[in-house]
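Fold and contact review
Take a look at the letters that make up each chain.
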Amino acid sequence: MRVGQNPAKFIDHVAQPQRVTVAVVSYIPFLQGYYAESLQVLKACLGSLKENTSYPHDLLVFDNGSCEPVRDYLMEAQSSGQVQYLVLSEKNIGKGGAWNFIFQGAPGEIIAYADSDILFRPGWLERSVEILETFPRAGMVTARPLRTPEKFYTSTLEWADQTPDVRVERGDFIDWEVYREHVMSLGTSEQEAREWYNSRQDLRLTYRGVSALVSAAHFQFTAYKSVLQQFLPFEMDRPMGQVRSLDERINAAGYLRLTTCEPLVKHLGNRLEEAAPTASRPGKKLPLSARFLHIPWVKQGLLRVYDSIFKFYYG
Amino acid sequence: MRTGKNPAKTGIPAYAPRQLGVALLVYIPSQEGYFQQSLEILRYQIDSLYRSTSQEFDLLVFNNGSCPNVVKTLQEWYEEKRITWLVHSQHNLGKAGAWNWILGSVPNEIICYADSDVLFRPGWLEASLRILEAFPQAGMVSAQPNFFDVLDGEGTAHLPLLNDPDYEFGEYLPPAEIIDEYCFGIGADEEQSAAFHRNPIPYIVNRKNNVRAVMGASHMQFITRREIARQVIPLPATRAIYRPETISLDRHMDQAGYLHLSTQENYVFHMGNTITDYLLNELKTLQVSHQPLPRPQSRAVEKRSLHYRAAAALARRPQMHNLFKRLYNFLFRVLYTEG
């Protein structure tokens, strides 16, 4: 039975969401093995967001079934006011599922998305929003220049061809060191990175005084919510691996995929310190035991055991 | 730097949401005055949901800026796996603001929304679904007869059906006990109560399947389809509870051609903010108690080989857990580092 008047009826004004929602998805099921440093990485991510994002925004964190220490940290961040919206999912609904949730639920007109292993540098959001607002039909803007396969930005190339006011330049606009920093963070060898770097060039577009490079990536991007909603829902049946479809869908719908000219975000991966390369280090011979473990059929067997243990607990 | 392969990419399945998602909106800014018993009432609500819902469901709780003790309790229930998705909003976004979140993001095919003071009775879901399925134009279905036309006679979604021979319209007066319970729940005074007892309410019948529903639905509790929910947002949201804003849900629903409908029986009950003897009797009937909240049923797992299941069962034994953990760490070191 209701007794009295609900005082909420007399609240004249409620908090209005900011125009930009910065959204981070985390999945750290335990703190060993691959995920041993992932909580420190997450802290570095959110810490850099706090320090280097002066553009008004709300922070949304979607936790996709992480372990208790991670949840405790996120709750602390939420109660201290660092996180405006904290979504705790008891089950891992996959990255696609998290995107479905965030891209529909996040209240901002603009969503700046990032995986939880991204470090943010000053100006990242300002520059991203500037490009988003300047280039018509901008679909997604990543705050770091990249070289990615052309098939994912054909619409951008078409737009550039057909737009007389845009200046198009082809060349090496991404420094080797900037390129190397990102590609090595993915676990690629220096030799492979160098081969890729030498095999491609960059495209720079300048429109209404604002420059951007042609490319983008789904590990971090800024986009209009209304654009992202056109491509929902994403497949939810696997935790990862289907997110490439966002790149494909945005390009197929004729939207532009762009990056900032400067590296304003950095991919950290699952380790904070750059680990020494493995057996590919030239001139260093591995001990016999290590060489045995790297024999293909031995390694396959070990990998199967390794994956199975993960599936027992989290599959 | 990335070292090793993310095990989440090994092809394990992600959680697939159930057909039904229930979303509760919680705003308990303090545990005094009007809100003194609100947390306990919320607990009864969740308990009644689990006891009265015949199919598995996912539970989303939207915490719209409640006080620390309520946050702590919600978190405990979440840790105990009573809640599937727990959304903490730092600030109160208002009812319409929270609806924008909920109706936009709940992934389940059928979405049930409820305020945090609604008691659920057995049969609520079946009765609601029967109406949702019997009327293709149904937009929202409440599990309690609707006594109040929120659109003030300006609804238009039903007009195309007036001359349709497959549908019959009429008015009726619900049984007195149903009206009494409704009046009790909202704290109606004598005059209001007399009016409810006097004025019949409209109904609609689908002649093809002979299903009857009351015209009108309530913001207090309703079910809708996910696709419809996505169509009716965003709603304006500047105040906490503001009729012109909450009514925009109904306007959008009606303008899109969807009907507001409700059941003829009281399958839900408005508990309000005060625990009464009436409520306590009801809780006793439902076997809702101060025991720990029921757990959701676990889903049947995909059939795996005997060896796999045996190994997985072994891995979950506490004594083996540490051993598997150490093995896992060792394998990560040898496979992905020089270790």
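Our subject in this report is the structure included herewith. Only a predicted model underlies this, so the values are computations on that prediction, with no experimental measurement involved. (Residues numbered from 1 in each chain as written. Chains lettered and ligands numbered in written order. Predicted model: local features only at pLDDT ≥ 70, side-chain atom pairs only at ≥ 80, totals over all residues.)

**A few points about the interface of chain B and chain A**
Listed as interface residues are 66 residues of chain B and, on the opposing side, 68 residues of chain A. Within the residue set of the side of chain B that touches chain A, elements represented by two or more residues are α2 (68-79), β3 (85-89), α3 (94-105), α5 (176-186), α10 (306-315) and α11 (318-336) of chain B. The element best represented in the side of chain B that touches chain A is α11 of chain B, accounting for nine residues. For the side of chain B that touches chain A, a count of residues per class yields 34 nonpolar, 26 polar and six charged. The sheet contact formed by strand β3 (residues 85-89) of chain A and β3 of chain B spans five bridges and is antiparallel. Bridge assignment links S89 of chain A to a residue of β3 of chain B, and that residue is W85 of chain B. (Contact = placed C-beta atoms within 7 Å. Helix = DSSP H or I, 4+ residues; strand = E, 2+ residues; numbered from the N terminus. Nonpolar A, V, L, I, M, F, W, Y, C, P; charged D, E, K, R; others polar. Pairing = 2+ DSSP bridges.)

**Notes on the environment of Y336 of chain B**
Residues and elements named next belong to chain B. Residue placement: Y336 occurs in helix α11. In this structure Y336 comes out as partly exposed when scored by C-beta crowding, with 19 C-beta atoms within 10 Å. C-alpha of Y336 to C-alpha of M1: the two residues are 335 residues apart in sequence and 12 Å apart in space. Discounting chain neighbours no more than four positions away, the residues touching Y336 are T3 and G4. (Buried ≥ 20, exposed ≤ 12 C-beta atoms within 10 Å, placed from the backbone.)

**Side note on the packing of α5 of chain B against helix α6 (residues 190-198) of chain B**
Residue and element names in this part refer to chain B. At their nearest, the axes of α5 and α6 sit 10 Å apart, and the two run at 150° to each other. Relative to α6, the element α5 lies roughly antiparallel. Pair α5 / α6 crosses with right-handed handedness. For the pair formed by α5 and α6, the contact residues are A176, I179, Y182 and C183 on the first element and Q192, S193, F196 and H197 on the second. Taken together, the residues of the contact of α5 with α6 break down into five nonpolar, three polar and no charged. (Axes fitted to C-alpha atoms, helices over the stretch in contact; angles between N-to-C directions. Parallel < 35°, antiparallel > 145°, perpendicular 65-115°, else oblique. Left-handed = near helix turned anticlockwise from the far one by under 90°.)

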